[in-house]
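These are the residues of each chain, in order.
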Amino acid sequence: QVQLVESGGGLVQAGDSLKLSCAASGRTFSNTAMGWFRQAPGKERVIVAAINWSGSSTYYADSVKGRFTISRDNAKNTVYLQVDSLTPEDTAVYYCAAARSFGIVPIEGKYDYWGQGTQVTVSS
């Protein structure tokens, strides 16, 4: 089992930045691939970024490339999502997820554990 707790969301203005954190406990974190997803109002949940067990490989959705950065600190059992140049279209609940995999997992259905989410609201 892996327990995931997201933090760092909030209400910001367009152009601002946030750093989301996801603290993990339970299963050995360093053996786990991680991902960040988001679900906007009235829309399906989609992946925004993923990272492999060591942090050496990353994946980004086209919509966030160049603005979002995923990273992890295995010593702190934490994965981060730096979100820059926010727009109102980034408004969503952001979730982190863990997969029992060493490699990158870009597919939502392959994730085994989910956090409760953190709200990010961007005003224009």
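Undergrad: It is not clear to me how the overall build of the protein chain should be interpreted in this structure. Could you clarify?
TA: Within the protein chain, the regular secondary structure consists of 0 helices and 11 strands. Element order for the protein chain, N to C, with α for helix and β for strand: β-β-β-β-β-β-β-β-β-β-β. Once the C-alpha set of the protein chain is aligned to its principal axes, its extents read approximately 40 × 25 × 25 Å. In the protein chain, of all internal contacts separated by at least 6 residues, the share reaching a separation of at least 24 is 59%. Roughly 6100 Å² of accessible area belongs to the protein chain as shown, and the carbon and sulfur atoms make up 47% of that amount. The distance from the centre of the 11 positive side-chain charges to the centre of the 10 negative ones in the protein chain is 7 Å.

Undergrad: I keep staring at unusual backbone geometry and nothing clicks. Help me out?
TA: Only a minority of non-glycine residues have a phi that is not negative, and only a minority of peptide bonds are not trans. Even without a glycine there, the phi angle at N77 is positive, about 55 degrees. A positive phi is found at S85, a non-glycine position, where the angle reads about 50 degrees.

Undergrad: So what exactly am I meant to see when it comes to the packing of aromatic side chains here?
TA: Centre distance and the angle of the planes are the two values used to describe a pair of aromatic rings. Per the stated rule, a full pass over the model turns up 5 aromatic pairs. For the ring pair F37 and Y111, a centre distance of 5.1 Å and an interplane angle of 85 degrees mean the geometry is edge-to-face. Of this pair, F37 sits in strand 4 (residues 33–39) while Y111 sits in the loop between strand 9 (92–99) and strand 10 (113–114); the two residues are 74 residues apart in sequence, bridging distant segments of the chain. Of the residues examined, F37 reaches a relative accessible area of 0% and is grouped as buried. For Y111, a relative accessible area of 6% translates into the label buried. Here the aromatic rings of F68 and Y94 are separated by 6.5 Å at their centres, their planes lie at 50 degrees, and the arrangement is tilted. In this pair, F68 sits in strand 7 (residues 68–73) while Y94 sits in strand 9, placing the two residues 26 residues apart along the sequence. Each of the two residues, F68 as well as Y94, counts as buried. Through a chain of ring-to-ring contacts, three or more aromatic side chains come together here, namely F37, Y111 and W114. The ring of Y80 carries K19 above its face, with NZ or CZ at 4.6 Å from the centroid. Positioned over the ring face of Y95 is R45, at 5.2 Å from the centre of the ring.

Procedures and definitions
- Residues numbered from 1 in each chain as written.
- Predicted model: local features only at pLDDT ≥ 70, side-chain atom pairs only at ≥ 80, totals over all residues.
- Heavy atoms only, no water.
- Helix = DSSP H or I, 4+ residues; strand = E, 2+ residues; numbered from the N terminus.
- Contact = heavy atoms within 4.5 Å.
- Areas by Shrake-Rupley, 256 points an atom, 1.4 Å probe, with all protein chains shown as cover.
- Lys, Arg positive; Asp, Glu negative; His and termini not counted.
- Charge placed at Lys NZ, Arg CZ, Asp CG, Glu CD.
- Phe/Tyr/Trp six-rings, centres within 6.5 Å; stacked < 30°, edge-to-face > 60°.
- Buried < 20%, exposed > 50% of the residue type's maximum accessible area, 1.4 Å probe, protein only.
- Lys NZ or Arg CZ within 6 Å of the ring centre and 35° of its normal.

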